[in-house]
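Given next are the chains, with one letter for each unit.
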Amino acid sequence: MERVVLVTGASGGVGLALCQRLLEEDGRIHLCIACRSEQKSEATRDLILATHPTAQVSTVDVDLGSLASILRAARELRCRFQRLDFVYLNAGIMPNPHVNFKALWHGLLTGKVLHMLTTAEGIMTQTDRLNGDGLQEVFATNLFGHFILVRQLQSLLCGNEKPSRLIWTSSSNARESAFSLSDYQHAKGQESYSSSKYATDLTSVVLNRKFNNQGLYSSVVCPGLVMSNMTYRILPIFLWKLLMPIMWLIRFFAKTYTLSPYNGAEAHVWLFKQKPEYLDSLVKYHSCTSGLGKCYVEPRKMDVDEDIAEKFYQTLLELEEQTLEKYRDLLD
């Protein structure tokens, strides 16, 4: 039987490029694309079928920032499929990003500018807000919504004849310094994106502990710096056009400047071809591109505290119980 692959955030950027590349790798897969609305889902499906007319592509509508939407989508997927072989947890948001030009100038003077440009450490801030479920929007969309989705799809992911895979899109911006267990939703800070991505790394580590013996494996990837709708919101378009020659030059020194969504999906596709039993659960797989444009994958050990990861996972379980209480009618 064909492998079933679910991709969230499939309507653009790395998600769309990933869908195209997966079908290039194996045209026999059943690709299920998850987007926020029916309009986006159908438009994305049409776009994919234009280049892969014989592909099996289905859609599911899910807003990762809405628990009700997630529960409805999970129920639909459980009715439609008997198993899921791959789930790419790729959807994410970075609302109202701001560049701290003062910090960037200081990095230039202190020789730390290359590090800052490759990790956004100290130069990127976001303004977060509460969503309709009373959760911080970035935390809910980037991490918790995916966590609930995985929990609701557990019957399709565990106990299959072959291993099932979770592949999370993390970031080089995932930093321990931006995350606090006492403020895990990052309500008090200005680096909600970084916090949510570090929380992603923590979650993946514990999922492997809990579910490897049931045939479910979790990995995290970093797509590098990709020019996408999310990136273009940081600065005006005309500035990006002026900066692009400089960014191409920087790529000779910063291999994580993948720039295109196609290059950014390199690690995602590489993991599609690996046996999960031989992967290191404490490693993040980075998409890299050489100055001459060659794509490759670089494994890097994650800076995660495994005890904090375990405590955070228990916190997520407690939050799950609290927040799903009012959605009992959507639970089986």
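These figures come from a predicted structure and were not determined experimentally.

Cut-offs used in this document
Residues numbered from 1 in each chain as written. Predicted model: local features only at pLDDT ≥ 70, side-chain atom pairs only at ≥ 80, totals over all residues. Heavy atoms only, no water. Helix = DSSP H or I, 4+ residues; strand = E, 2+ residues; numbered from the N terminus. Buried < 20%, exposed > 50% of the residue type's maximum accessible area, 1.4 Å probe, protein only. Contact = heavy atoms within 4.5 Å. Areas by Shrake-Rupley, 256 points an atom, 1.4 Å probe, with all protein chains shown as cover. Pairing = 2+ DSSP bridges. Right-handed = clockwise from strand over helix to strand, strands pointing away. Core = buried A, V, L, I, M, F, W, Y, C linked by side-chain atoms within 4.5 Å. Salt bridge = Lys/Arg side-chain N within 4 Å of Asp/Glu carboxyl O. 1 Å grid on protein atoms, 1.4 Å probe; cavity = no way out; pocket = protein on both sides within 12 Å on 5 of 7 lines; lining within 4 Å. Points joined across faces, edges and corners; volume = space filled by probe spheres on them. Nonpolar A, V, L, I, M, F, W, Y, C, P; charged D, E, K, R; others polar. Disulfide = S-S within 2.5 Å. Phe/Tyr/Trp six-rings, centres within 6.5 Å; stacked < 30°, edge-to-face > 60°. Lys NZ or Arg CZ within 6 Å of the ring centre and 35° of its normal. Expected span 1.5 Å × (residues − 1). Arc of directions from axis to C-beta.

K.L.:
I'd like a rundown of the overall build of the protein, residues and numbers included.
P.N.:
The helix and strand tally for the protein stands at 13 helices and 10 strands. When the backbone C-alpha atoms are referred to their principal axes, the protein occupies close to 60 × 45 × 40 Å. Burial statistics for the protein: of 332 residues in total, 57% are counted as buried. Contacts in the protein between residues far apart in sequence, at least 24 positions, make up 73% of those at least 6 positions apart. Taken as a whole, the protein presents about 15100 Å² of accessible surface, with 53% of it coming from carbon and sulfur.

K.L.:
Go over the pairing of strand β3 (residues 56–61), please, and point to the residues and values.
P.N.:
Two elements, strand β2 (residues 30–35) and β3, share six bridges in a ladder whose sense is parallel. Of the residues in β3, the one forming a bridge with L31 is V57. In this view, the connection linking β2 to its parallel neighbour β3 by way of helix α2 (residues 38–51) has right-handed handedness.

K.L.:
An account of the nonpolar core is needed here, citing residue identities and associated values.
P.N.:
With 58 residues, the main nonpolar core has L6, L84, F144, L153, L166 and F312 as its most contacted residues. At eight residues, helix α6 (residues 137–152) tops the list of elements feeding residues into this core.

K.L.:
Give me the pattern of salt bridges: which residues, what numbers.
P.N.:
The final tally for this structure, using the stated rule, is 17 salt bridges. Between K284 and D201 there is a salt bridge whose closest N-O contact spans 2.9 Å. A residue pair is termed long-range when its members are at least 10 positions apart, and K284 in strand β9 (residues 283–289) and D201 in helix α8 (residues 192–211) qualify at 83 residues. Each of the two residues, K284 as well as D201, counts as buried. Put simply, R209, K210, E306 and E310 are held in one network by salt bridges that share partners.

K.L.:
Can you tell me about the layout of surface pockets, naming the residues and giving the values?
P.N.:
Taken as a whole, the second largest pocket spans an internal volume of roughly 470 Å³. Taken together, 15 residues form the lining of the second largest pocket, with R3, D85, E161, K162 and P163 sitting closest to its centre. Of the residues in the lining of the second largest pocket, the class split is five nonpolar, two polar and eight charged.

K.L.:
So what about the state of the cysteines? Which residues, and what values?
P.N.:
This structure, assessed with the given rule, holds zero disulfides. Sulfur of C32: no disulfide; nearest cysteine sulfur belongs to C35 and is 9.4 Å away. In this model C158 remains outside any disulfide bridge; the closest cysteine sulfur is found in C32, 18 Å from its own.

K.L.:
So what about the packing of aromatic side chains? Which residues, and what values?
P.N.:
Following the criterion strictly, the structure yields 10 aromatic pairs and no others. Ring centres of F139 and F144 lie 5.7 Å apart, and the angle between their planes is 15°; this geometry places the pair in the stacked category. Side by side, F139 and F144 carry an identical accessibility label, which is buried. When the ring of F139 is compared with that of Y184, the centres are 5.5 Å apart and the planes differ by 65°; the resulting orientation is edge-to-face. Here the residue F139 occupies a position in helix α6, and Y184 occupies one in the loop between β7 (164–169) and α8, the gap between them amounting to 45 residues. On the basis of relative accessibility, which here comes to 2%, the residue F139 falls in the buried class. Joined through ring pairs, the aromatic side chains of F139, F144, F147, F179, Y184, Y198, F312 and Y313 make up one cluster. The ring of Y262 has R21 lying over it, and the distance from NZ or CZ to the ring centre is 4.2 Å.

K.L.:
Talk me through α2; I want residue IDs and the actual numbers.
P.N.:
Look at α2: 21 Å from first C-alpha to last across 14 residues, which is about the 20 Å you get at 1.5 Å a residue. Taken together, the buried positions of α2 are S41, T44, I48 and L49. The buried residues of α2 occupy one face: seen down the axis, they fall within an arc of 130°. Pointing more than 90 degrees away from the buried face of α2 are the exposed residues Q39 and A50.

This is a description of form; function is not addressed.
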